[in-house]
Amino acid sequence: SKDRLTTPLIKDASGNLSSTSWSVAIDSAARMLRTALTVSPQSVAIIGGARGTNEDAFAWAQLANALGVDSRDSQLADGLPPQVFSLPQATIADIDTAKTIILLAPDLKEELPVLYLRVRHAAEKRTGRVVEVSPRATGLAGKAWKKVHVEPGKTAAALRALATDAAFTAQLASGSVVVIVGRMNLAESEESVVHALAEVLHMAPHATVLPVLRRGNVRGAITAGLTPRNGGKSTAEILEAAAAGKIECLVLLGADPLSDVPDADLARRGISGARNIIAIDTFITQSSALADIVLPAAAYGEKEGTTTNLEGRISNVAQSITPVGTSRPDWMIAVELGAATSHDLGFASYSEVHAAMISGVNEFAPAADTHAVEHDGVLIAHPTPITLTRADGASNERNSYDYRAVVSRKLYDNAIGTAKSPSLATLGISAAVIVNPLDVPRIGAQVGESVRVTSPRGTIVMPLQESVDVLRGTAWLPINLGGSDVRELLDVTKDVIDLKIEKMS
């Protein structure tokens, strides 16, 4: 890929990033960390860590532990609560034998296409029945035995109502149940997913859960320790604290909040409010371009290690090429920053990091079987399963003139890996607001015409499109595409977001 980072960069007196040596960059970064820690460990925060290997995430979690940094989050305000990984877990293979597959997930065809093919195959060739629960029809709607398309904010209530459906309860009782759970709608709180999942598990206590997250090695990073602890802040809370001037040093570990956090305003305020930013990345992104220090990280294929997929299967990552320029694995950067801040992390080679990880994190213990990891992989050892408590979400009634927002991702968007790939960069489409055809006359604009879309957070202008897959009274806005930035409308602190869609005068 083009535009790879090959050497450390540091902000000069004129405010521009210029090349420097690793020794100068590490010393400067360590000085920033030490200065921030004298204020308070709560004034240092880490966002990211899912881009790399399990060992990368473990090393950074160990550095955070050594520094006393509890605010660390490998999710970017678009994921699932870590407690979901402590529920009875399903494997991908369980989909093939499940009697019922319940989708509480985004459109798998767009966000996780390989898993989509697996579920489609199960629906077509096996005895499993698919139940789609979502705010709009997805790529699996045509294969679903039952479709529950529900307005955002009302999913748990809709599932509770299914308890009176004799055919549905009989189906749940007929055999194994797998619930595929993820963020159906980025304009709806993650708590709504938990509420919906709790209703399903109440009706089917024997069900197992397959959590799905679009971004890389999130499950591995959470397991390794890159998740808030001891009351530490999540990504959204870190950015809010930074915006309030309470973050002295923000570390971006392969994270680009300005592009990836659903709430664009929060990301902007957070990045601009952090006193100092240290970015570790493979490319210059919108966020790392504003950093004080940028350290070049080795990319996939340039380092060895292990990674964890969405079902919790640990497999190996083989190094096939030399790292570009002077870029280094994330774990090595953590070790060097540890030494420069007078913290010996206890390992100095990949094999030592790996050994410390599998001995120090119980879930990673199965990775001691090197032969299995290098072939079919091994499943992480699960903690004692928890039970979700049922709870009613906030009651949110929509003004009949408004449209409830449904925000999700497309397969090809403006992700940095896609944008920097010549063969993929042209596959993305432009942003649009998409409504049910029966809602178009009420808006008063023609399909293809630009309309004004307003939320309590902001206003953008974008083309109007129609689709029968969209529920009446809702508006689907694919995120991170060319044209207007949908994230300008979003507020991650809200349970749901309602929009006004108006014809341009």
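Residues numbered from 1 in each chain as written. Predicted model: local features only at pLDDT ≥ 70, side-chain atom pairs only at ≥ 80, totals over all residues. Heavy atoms only, no water.

Attention shifts here to the overall build of the protein chain. From N to C terminus, the protein chain includes 17 helices and 21 strands. Radius of gyration (C-alpha) of the protein chain: 23 Å, near the 23 Å computed for a compact globule of 505 residues. Burial analysis of the protein chain (505 residues in total) assigns 55% to the buried set. Approximately 20000 Å² of the protein chain is accessible, and the part contributed by carbon and sulfur atoms is 51%. Of the side chains in the protein chain, 47 bear a positive and 55 a negative charge, and the two mean positions are spaced by 4 Å. (Helix = DSSP H or I, 4+ residues; strand = E, 2+ residues; numbered from the N terminus. Rg over C-alpha atoms; globule rule 2.2 N^0.38 Å. Buried < 20%, exposed > 50% of the residue type's maximum accessible area, 1.4 Å probe, protein only. Areas by Shrake-Rupley, 256 points an atom, 1.4 Å probe, with all protein chains shown as cover. Lys, Arg positive; Asp, Glu negative; His and termini not counted. Charge placed at Lys NZ, Arg CZ, Asp CG, Glu CD.)

Moving on: the packing of aromatic side chains. This model, assessed by the stated rule, comprises 1 aromatic pair. Measuring from ring centre to ring centre gives 6.0 Å for Phe-58 and Phe-347, while their planes differ by 40°; the resulting arrangement is tilted. Of the two residues, Phe-58 sits in helix H2 (residues 54-67) while Phe-347 sits in the loop between helix H13 (330-340) and helix H14 (350-360), which places them 289 residues apart along the sequence. Here Arg-136 stacks its cationic end above the ring of Trp-476, 3.6 Å away from the centre of that ring. (Phe/Tyr/Trp six-rings, centres within 6.5 Å; stacked < 30°, edge-to-face > 60°. Lys NZ or Arg CZ within 6 Å of the ring centre and 35° of its normal.)

Attention shifts here to the sheet that holds strand S3 (residues 44-48). Ordered in space as S2-S1-S12-S11-S10-S3-S4, the 7 strands form an open sheet in which the pairing is mixed. Edge strands, defined here as strands with exactly one partner in the open sheet, are strand S2 (17-19) and strand S4 (72-73). Taken together, the 3 bridges between strand S1 (residues 9-11) and S2 define a ladder with antiparallel strand orientation. The residue of S2 that forms the bridge with Leu-9 is Ser-19. Most of the contacts of helix H10 (residues 235-243) go to S3, to which it runs at about 135°, and overall it touches S3, S4 and strand S10 (249-253). (Pairing = 2+ DSSP bridges. Contact = heavy atoms within 4.5 Å. Axes fitted to C-alpha atoms, helices over the stretch in contact; angles between N-to-C directions.)

Our focus in this paragraph is helix H8 (residues 190-203). Taking 1.5 Å per residue as the helical rise, H8 with its 14 residues ought to reach 20 Å, and the 21 Å between its terminal C-alpha atoms agrees with that figure. The buried fraction of H8 amounts to 11 of the 14 residues, a majority that puts the element mostly inside the structure. Within H8 the residues assigned to the buried category are Ser-192, Val-193, Val-194, His-195, Ala-196, Leu-197, Ala-198, Glu-199, Val-200, Leu-201 and Met-203. Residues of H8 that are buried in the fold lie against strand S5 (100-104), helix H6 (155-161), helix H7 (166-173), strand S8 (177-181) and strand S9 (208-211). (Expected span 1.5 Å × (residues − 1).)

Taken together, 5 strands build an open sheet; the order of strands is S7-S6-S5-S8-S9 and the sheet is parallel. Both edges of this open sheet fall to strand S7 (146-149) and S9, since each of them pairs with a single strand only. Going from strand to strand, the sheet's axes swing by 15° on average, the running direction of each strand aside. Taken strand by strand, H7 contacts S5, strand S6 (129-134), S7 and S8, and its axis lies near 115° from that of S5.

Positive phi, normally seen in glycine, also occurs at Asn-230, with a value near 50°. Structurally, the position occupied by Asn-230 is in the loop between helix H9 (218-224) and H10. Positive phi, normally seen in glycine, also occurs at Asn-480, with a value near 65°. Inspection of the secondary structure assignment puts Asn-480 in the loop between strand S20 (474-479) and strand S21 (498-503).

To continue, consider the pairing of S5. Burial analysis of S5 places 5 of its 5 residues in the buried class, the great majority of the element. Across 4 bridges, S5 lies against S6 in parallel orientation. Within S6, the position partnered with Ile-101 by the bridge is Val-130. In the sheet, S5 pairs with S8 via 5 bridges, with the strands oriented parallel. Looking at S8, one finds that Thr-100 is bridged to Val-177.

The next point concerns the pattern of salt bridges. Per the counting criterion, the structure on display carries 35 salt bridges. Asp-292 is the salt-bridge partner of Lys-11, the closest N and O atoms lying 3.7 Å from each other. Residue Lys-11 is found in strand S1, and its partner Asp-292 is found in the loop between strand S11 (276-281) and strand S12 (293-296); the two are separated by 281 residues along the sequence. Residue classification places Asp-292 among the buried residues on the basis of a relative accessible area of 13%. The partner of Glu-199 in a salt bridge is Arg-160, with the nearest N and O atoms 3.3 Å apart. Of the two residues, Glu-199 is situated in helix H8 and Arg-160 in helix H6; the sequence distance between them amounts to 39 residues. By sharing partners, the salt bridges in this structure join Glu-151, Lys-154, Glu-397, Arg-398, Arg-404 and Asp-498 into a single network. (Salt bridge = Lys/Arg side-chain N within 4 Å of Asp/Glu carboxyl O.)

On to the pairing of S10. For S10, the tally of buried residues reaches 5 of 5 residues, placing the bulk of the element in the interior. Both S3 and S10 contribute to a ladder of 5 bridges, which runs parallel. Bridging from a neighbouring strand, Gly-48 pairs with Leu-253 of S10. As paired strands, S10 and S11 are joined by 5 bridges and run parallel to one another.

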